[in-house]
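Secondary and tertiary structure notes
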Amino acid sequence: MKKILKITLLVLLAAGIIGTFVFLWMKSRPKVTVYDTVTAEVTDLQKTTVATGKVEPRDEILIKPQISGIIDEVYKEAGQTIRKGEVIAKVKVIPELGQVNSAESRVRIAQINENQAQTDFDRIDKLFKDKLISREDFEKSEVSLKQAREEVQTAKDALEIIKEGITKNSASLSSTLIRSTIDGLILDVPVKAGNSVIMSNTFNDGTTIATVANMNDLIFRGKIDETEVGRIHEGMPVKLTIGALQNLTFEAHLEYISPKGVEENGANQFEIKAAVIVPDSVQIRSGYSANAEIVLERAQKALAVPESVIEFNGDSTFVYILTDSVPEQKFQRKQVIAGMSNGIKIEIKNGVTTKDKLRGAEKKK
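Computed from a predicted structure; not experimentally measured.

1. Some details on the confidence of the model for the protein chain
Mean pLDDT over the protein chain stands at 84; residues scoring 70 or higher make up 86%. Averaged pLDDT values over the elements of the protein chain bottom out at 64 in helix α1 (residues 2–28) and peak at 94 in strand β10 (residues 210–213).

This is how it looks when you write it as C-alpha cells:
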C-alpha cells in the first residue's frame, strides 16, 4: 500500500514538472499576430465640408407708416399672401392742439379774404357792365377772387389732413392706409389695434407694421471655418438638408462668400450665402435650420483603400502588401503615392493594384 502511494506521488510530481516546462516553453514562444487583409477598389471619392445656418428669404421688407398715430384697424395677419398695394392696416391720426388751432385760424383768415374778394368782384363787375372800367381791371378782380377761393380750399385741406391724415380728394393716396410695397407672404404683424406708431425720422427707425417677403426667392445663410473658406468659390454646387423636412435634399449654388471673418469661439468664421432651388410642391418656412454640404474635391473612378491601412511617415506614405500566408503571414512594406481622402477612404495614385492584399487591422482572438 505504501509502495503504491509512493509511486502515485512520484507520478504527480513528474506531471507537475512536465506541465510547468510545457507552460514556460509555450509562453517563451513568439506571439504570432494575424491581420485582416483588404484590397483596393475603384470608386468615386469626394471630400466635403458642412456649413450650418438657416434658410430665409433673400429680402424681408419692413413696412413702416408715413405718419404717426394709433392703429385703428389691422386687416391682415401673419401667414397670408399679399399683393403690392394691398392695405395691411389703418392708422388714426392724433393731431396736436396747437397745429389744429393754427390750421383753423388759417381757414378763418382765408374765408375773410374770400368774402372781401367777392365784394370787390361784385363792385368791379357792375362797373364793367356799365362800361366804366376796362376789361383788364375786371379780369384782375376775377383772378383775385379765384385765388381767394383756392386759398380757402387749401386751408380746409390742411386742416383736414391735420385732423384725419387725409383729404377727401386724395383718399386713394392716403398715408393713413398702410400698404404692402411688394408681392409676397406676410411673415409677421407685430402691431394690434390701439397700438401707437411713429413714422421713421432722423432719430427713430419708425414702428414696423408688418414684415413681408417673397418666399419664392430663398437663400441659405451660414458660416464656414477659415481653414476651408479658401477652397470654395462662388458658383459651387451645394446640397442642402433641412432638419424640419426629413428625407428631402435641395439643390443650391454658392453666390456669396464674405471677405471678412468674424471670430466665434476662438475660430474665424466667414459668412456664405447660397441660392436655394425649391420645388413648387414643397413649402419652406423662414428661419428653418439647415446644413449645407459643399464638395471641396472630387476624384472619379479612383483606386481607393481604407485610410487605416496607410502608414504616414513625414511626406511619404506606405502600405504593407501580403507576400506569404503559410505558415504565417508575411508583409512587405511598400511606398505608394496617395491622393485625396474623404476621411474614410484615400486615393492611391501609384504603387497598388486591385490584386494586392494589404495589411489591415489585427484580428481579434
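Structure shown, so let's carry the discussion forward.
2. Let's talk about the pairing of strand β6 (residues 87–92)
Alignment of strand β4 (residues 69–74) against β6, held across four bridges, turns out to be antiparallel. The residue bridging Val74 from the neighbouring strand is Ala89, located in β6.

3. Description of the side chain of Gln269
Among the structural elements, Gln269 can be located in strand β15 (residues 267–276). Gln269 sits in the buried class, given a relative accessible area of 16%. A distance of 3.4 Å separates the side chain of Gln269 from the side chain of Asp225, its partner in a polar contact. Gln269 has contacts with Lys223, Ile224, Asp225, Lys260, Gly261, Val262 and Glu264, leaving out every residue within four places of it along the chain.

4. A word on the nonpolar core
Counting 29 residues, the largest nonpolar core has Phe220, Ile232, Ile272 and Ile284 as the members making the most contacts within it. Those elements that place two or more of their residues in this core are β2 (41–57), β11 (218–225), β12 (237–242), β13 (245–257), β15 and β16 (288–306). Once residues within four sequence positions are removed from consideration, Ile232 is found in contact with Ile224, Leu254, Ile257, Ile272, Ile294 and Leu296. Within the second largest apolar cluster, 16 residues are counted, among which are Ile63, Ile71, Val93 and Val191.

5. A few points about the pattern of salt bridges
Scanning all chains against the criterion turns up 16 salt bridges. In this structure, the salt-bridge partner of Glu56 is Arg221, at a minimum N-O distance of 2.5 Å. Taken as a pair, Glu56 in strand β2 and Arg221 in strand β11 lie far apart in primary sequence, 165 residues in all. Its relative accessible area of 27% is what places Arg221 among the partly exposed residues. One continuous salt-bridge network, built from bridges that share partners, spans Glu56, Arg221 and Glu271.

6. Some words on the packing of aromatic side chains
Considering all chains together, one arrives at two aromatic pairs under this definition. Ring centres of Tyr35 and Phe331 lie 5.8 Å apart, and the angle between their planes is 90°; on these two criteria the pair is classed as edge-to-face. One end of the pair, Tyr35, is in strand β1 (residues 35–39); the other, Phe331, is in strand β19 (residues 330–341), with 296 residues separating them in the sequence. Relative to Phe138, the ring of Phe121 lies with its centre 5.6 Å away and its plane at 40°, an arrangement referred to as tilted. Of the two residues, Phe121 is situated in helix α2 (residues 97–129) and Phe138 in helix α3 (residues 135–164); the sequence distance between them amounts to 17 residues. For the residue pair Phe121 and Phe138, the accessibility class agrees, reading buried in each case.

7. Points about the sheet that holds strand β9 (residues 196–197)
Pairing is antiparallel across the open sheet formed by four strands, whose spatial order is β7-β6-β4-β9. Looking at strand neighbours, the two that pair on one side only are β7 (177–179) and β9, the edges of this open sheet.

8. Some words on the side chain of Lys76
Structurally, Lys76 is set in the loop between β4 and β5 (81–82). Among the polar contacts made by the side chain of Lys76, one reaches the side chain of Glu86 at a distance of 2.9 Å. Discounting chain neighbours no more than four positions away, the residues touching Lys76 are Ile82, Glu86, Val87, Ile88, Ile186 and Val189.

9. Some details on unusual backbone geometry
Negative phi characterises most residues that are not glycine, and trans characterises most peptide bonds. With a phi close to 60°, Lys131 is a non-glycine residue in the positive phi region. Secondary-structure assignment places Lys131 in the loop between α2 and α3. A relative accessible area of 75% places Lys131 in the exposed class. One non-glycine residue, Lys301, lies in positive phi territory at about 50°.

Criteria and thresholds
Residues numbered from 1 in each chain as written. Predicted model: local features only at pLDDT ≥ 70, side-chain atom pairs only at ≥ 80, totals over all residues. Heavy atoms only, no water. pLDDT = per-residue confidence, 0-100. Helix = DSSP H or I, 4+ residues; strand = E, 2+ residues; numbered from the N terminus. Pairing = 2+ DSSP bridges. Buried < 20%, exposed > 50% of the residue type's maximum accessible area, 1.4 Å probe, protein only. Polar contact = N/O pair within 3.5 Å; in protein donor to acceptor, adjacent residues only side chain to side chain. Contact = heavy atoms within 4.5 Å. Core = buried A, V, L, I, M, F, W, Y, C linked by side-chain atoms within 4.5 Å. Salt bridge = Lys/Arg side-chain N within 4 Å of Asp/Glu carboxyl O. Phe/Tyr/Trp six-rings, centres within 6.5 Å; stacked < 30°, edge-to-face > 60°.

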